[in-house]
Amino acid sequence: MLLQLNNVSANYGQRQVLSSINLEIGRGEIVGLIGPNGSGKSTLMKALVGLIPSCGEISYGRQPLSSISVKQLSRHVAYVAQERDVAWDLTVERVLALGCEAVGGSVRTPKYKEQRKQIIKSLSLETIRKSSILQVSGGEKTRALLGRALMQKTPLIVADEPTAGLDPEHQLELSEIFQNLREQGTSMLVSLHDWTYAARLCTTLVMLKDGKVVACGTPEQVLTQERVQDVYRVSAQIVKTEQGPIITPAARL
Amino acid sequence: MKNAVKMGIGAVLLACLSVSSLPACAEPDDTTAPKRVVSMNLCTDQFAMLLAQEDQLLSVSKLASDPNLSVMSDKASNFKVNYGRAEEIFLMKPDLVIAGTYTNQTTVQMLRRLGIKVVQVSPVRTLFGVASELRRLGKLLDREEKAEQIASQFETAIQHFVQGQPDEKLRAGVYYANGYTAGDGSLVNELIETAGLQNIASNLGLKKTSKLPLEILILENPQLLVEGSQFSDKPALAFELLAHPALMRTLGNNGRVKVDDKFTICGLPFVTQAIEKLARESSRLGVQPK
Amino acid sequence: MKYTSDAVLIWALSIITATLFLASLMLGAADLSLPQLINAALSTQDTPVSTVLWEIRVPRALLGVITGATLGLSGAVLQGLLRNPLAEPGLIGVSSSASLGAVIAIYTGITLTMPFALPIFALASAGIAAALLPLLAGGRGQTLTLILAGVAISSIATALTSLALNLSPNPFAAMEIVFWMLGSLNDRSMQHLYIIAPFIMVGWGLLFVTGKGLNALSLGEETAHTMGVSLPTLRFCAIAGTAASVGAVTAVTGTIGFIGLIVPHLLRKMVDDEPARLLLPSALAGACLLTLADIAVKLFGPQSNLKLGVLTALVGAPFFLWLILKQRRALI
């Protein structure tokens, strides 16, 4: 197991935002977190990288999070935050280098250069590698920031709404990238809003509501008509295809 | 040659002093002596306390009782304190108010409008001025005899200093807070020269109170550093300069003299005490090979 | 490639700093020729010229270099920490608090009995401000609240300084206001440097280790955390380092503004906008700029009584304006 959550809860002041979450992520899995706004997706992700305090057990490998230093954590998990505000006018290449430097790598070694070449290729960043991160398009920026996370060479990547603000083409492109990564053995935890997209991308889906896990399993198990109605308060149309289900919201209840 | 110069200075000074004894004042001739006098200025306070008859002086300014600023702070406690406001002064019903030329003009005009006689005295910047101011105020207060007595005593003392000047004059630098010095045309400059020293600021052609960069002072290689007292005993960063290592290196601990500011703020007969102190330092350092 | 360009930049700035340092030694209120100065520097005899050189000009030039370097470095660090190009040491209240401490030390009279009290009070006061900052900003220490807390501390310290000077019985208070508000290197001595040297060293040390963390922080606070950067440690180094070094120089020179703001901007493009690579060049360029400003002050002559801080503000304020306009264009 790469990551194990056992009875994890978290509070914002008096309000309980996560309660008794149990979750496991193994090698080569893409776990999708779905649920309405405010259901605790981002909070869960922040809790498991130690950005907000939580109780219960979170462990990487067999090591509990509380005993892992910030430094060590950066080798267990890489995190792509929802906020993609970069403060300075860095080049895409430089942003990638930051990921490598975070885990103590040096950008001057051949090993680093090889690694960067691969990642640039797999994320199709060749044309913009010398461009400013502040001037590339949204899709390019997402890919560049994902590239930075990949440069940390962690077995697990946590990405908070990576598809937000991307057009369909770039969403599908990202999906391919994630699939390729999985094939190379990297696991992922991503939060998503698009059911169809989630169903096609993820090996496992976890549906949250009010800070609790309401369902966990394969996309077909989780995304049922009743559950979508119950959790999202919308009726949905589900069409089964060979590539997976197509699920569209139809009407508010 | 040196002696001739010395005599020359003496003669000039004497000439000045004797001119001052002529009744040259053009004050309006009041037949009756003022009986209720209020002074509003640190310097006129002390002139008034020196000259006035008992019960003639009603009130002096607040500053007159500050021992750091006033030579006569003890005596000032015998008088009512005023803060230089028209209202309080009017209520004292004075028949003569003595103020400085820098006293708040609106207050002075207000008092005049209220029918009170206000005489304004400009700051005394020369030794000659001390004696002449004594005599002028003596006449004003109807105390000419007393004034004459103090003035001639003062003149004798000055004459004594002028005649006792050394052949070799030491280079003295006056250094106040924030690097200010006293050059030509200042009272302090005259005190230093009368004490038998040469003033570096004056050699450099500086006029009145002006800034003297530390570098330039050091290059003039002063033998004596004349410091003001710390104006008041309250500390301030402004005095840090006086402890600069460059000064310590040039002068050591020996060549410093502190002249209390209360002796130099106002041109009063008390300036002789400052001259005395400077002259003593001058002869003390003069005998030692520097 | 960029590493060689960094080395070129650092060497160039070092050479300019050294040149300006020497130029500053040659200039002063007194008109001393180069041969005179060289003679004085080489001879072991104690002449007025050597006194002027060693006791007045050398400390002043050194102080200029150290102050400029401190301001430039901490400006670069704070801009990185707050992810804001308008940040500077004055913004987080350290300079004004140091001034307040110095003013308190002077007016309570402690400096008369303990000459070391002044820098210690200034530093302690800067330290208190630095400690209050995260408390006021809240546990998570968000950037915006950090800036707001800094502005609040800064205004309180300025108000208290004015109050102390206002209530001071000393007639020189007005001149003191001028000194603490405007800053000057005039006639500071070697003793001042000895007193503040340890704090400068510690401060610089803390500031220089922030480089890697600042780089990661350019991707955001949350991202930086997951990149192995301990944000509390990073904040501590940046703020404590600023408090120690800027507090120390402020204790001796008063508040000198704008250097910490301008310098990182002048260099940012040369180091590809990378916070870590900005640090050393900013320190060197700060030293250059402040020494240059001090040379200008000297050229205006002693009688002009122009204060160093006024000059930096005169140059800095229009620059600040330009920066705002540039930011505004970037927003549109």
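- In the nomenclature of an unreviewed UniProt entry, chain B is known as Vitamin B12-binding protein of Pseudovibrio axinellae.

- The name given to chain A in an unreviewed UniProt entry is Hemin import ATP-binding protein HmuV, with Pseudovibrio axinellae as the source organism.
- Chain A has a UniProt comment under Sequence similarities (unreviewed entry) that states "Belongs to the ABC transporter superfamily."

**Things to note about the overall build of chain A**
- Each helix and strand in chain A was counted, giving 9 helices and 12 strands.
- Computed over C-alpha atoms, the radius of gyration of chain A comes to 18 Å, within 12% of the 18 Å expected from 2.2 N^0.38 for 253 residues, which places it in the range of a compact globule.
- On the principal axes, the C-alpha backbone points of chain A span a range of 55 × 40 × 30 Å.
- Burial status across chain A gives 43% buried among its 253 residues.
- Partitioning the intrachain contacts of chain A with sequence separation of at least 6 by distance along the chain shows that 65% fall at a separation of at least 24.

**A word on the overall build of chain B**
- Helix and strand content of chain B: 12 helices and 11 strands.
- In chain B, which comprises 290 residues, the share counted as buried stands at 50%.

**A closer look at the sheet that holds strand β11 (residues 256-259) of chain B**
Residue and element names in this part refer to chain B.
- In spatial order, the strands read β8-β6-β10-β11; together these 4 strands make up an open sheet with parallel pairing. Bordering the open sheet on either side are β8 (197-199) and β11, each of which pairs with just one other strand. When the angles between neighbouring strand axes are averaged without regard to direction, this sheet yields 35°.
- Both strand β6 (residues 170-175) and strand β10 (residues 224-228) contribute to a ladder of 4 bridges, which runs parallel. For Y175, the partnering residue across the bridge sits in β10 and is E227.
- Here helix α8 (residues 187-194) sits on the sheet in contact with β6, β8 and β10, set at roughly 150° to β8.

**Notes on the confidence of the model for chain B**
Residue and element names in this part refer to chain B.
- Residue-level pLDDT values for chain B average 83, and 84% of them are 70 or greater.
- The low-confidence segment residues 1-29 (pLDDT under 50) makes 22 contacts with residues lying over four places distant or belonging to another chain.
- Per the prediction output, this complex has pTM 0.83; the corresponding ipTM is 0.90.

**Structural notes on the pairing of strand β1 (residues 3-12) of chain A**
Residues and elements named next belong to chain A.
- One ladder, built from 5 bridges, connects β1 with strand β4 (residues 55-60); its direction is antiparallel. When the bridges of β4 are listed, N6 appears paired with E57.
- As paired strands, β1 and strand β2 (residues 15-25) are joined by 7 bridges and run antiparallel to one another. Bridging across to β2, A10 finds its partner in L18.
- Between β1 and the antiparallel strand that follows it, β2, lie 2 residues; G13 among them carries a positive phi value of about 60°.

**Overview of the packing of helix α3 (residues 48-81) of chain C against helix α14 (residues 275-300) of chain C**
Residues and elements named next belong to chain C.
- Packing of α3 against α14 brings their axes to within 6 Å, and their N-to-C directions diverge by 145°. In terms of crossing hand, the pair formed by α3 and α14 is right-handed.
- Residues belonging to the contact of α3 with α14 are distributed by class as follows: 17 nonpolar, 9 polar and 1 charged.

**As for the interface of chain C and chain A**
- Taken residue by residue, the interface counts 19 residues in chain C and 24 residues in chain A.
- Secondary-structure elements contributing two or more residues to the side of chain C that touches chain A are α10 (211-217) and α11 (221-226) of chain C.
- Take the side of chain C that touches chain A: its biggest share by element is 4 residues, from α11(C).
- Grouping the amino acids of the side of chain C that touches chain A by side-chain chemistry returns 5 nonpolar, 8 polar and 6 charged.

**A look at helix α12 (residues 231-253) of chain C**
Residue and element names in this part refer to chain C.
- Under the 1.5 Å per step criterion, the end-to-end length of α12 is 32 Å for 23 residues, consistent within 8% with the ideal 33 Å.
- In terms of burial, α12 is largely enclosed, as 18 of its 23 residues are buried.
- Count one or two residues on from α12 and you reach G254, which has phi positive near 80°.

**A look at the arrangement of the chains**
- Looking across the 2 pairs of chains in contact, one finds the most contacts between chains B and C.
- The smallest C-alpha distance separating chain A from chain B is 42 Å, and no contact links them.

Thresholds applied
Residues numbered from 1 in each chain as written. Chains lettered and ligands numbered in written order. Predicted model: local features only at pLDDT ≥ 70, side-chain atom pairs only at ≥ 80, totals over all residues. UniProt positions renumbered as here; feature names shortened; annotations may be inferred. Helix = DSSP H or I, 4+ residues; strand = E, 2+ residues; numbered from the N terminus. Rg over C-alpha atoms; globule rule 2.2 N^0.38 Å. Buried ≥ 20, exposed ≤ 12 C-beta atoms within 10 Å, placed from the backbone. Contact = placed C-beta atoms within 7 Å. Pairing = 2+ DSSP bridges. Axes fitted to C-alpha atoms, helices over the stretch in contact; angles between N-to-C directions. pLDDT = per-residue confidence, 0-100. Left-handed = near helix turned anticlockwise from the far one by under 90°. Nonpolar A, V, L, I, M, F, W, Y, C, P; charged D, E, K, R; others polar. Expected span 1.5 Å × (residues − 1).

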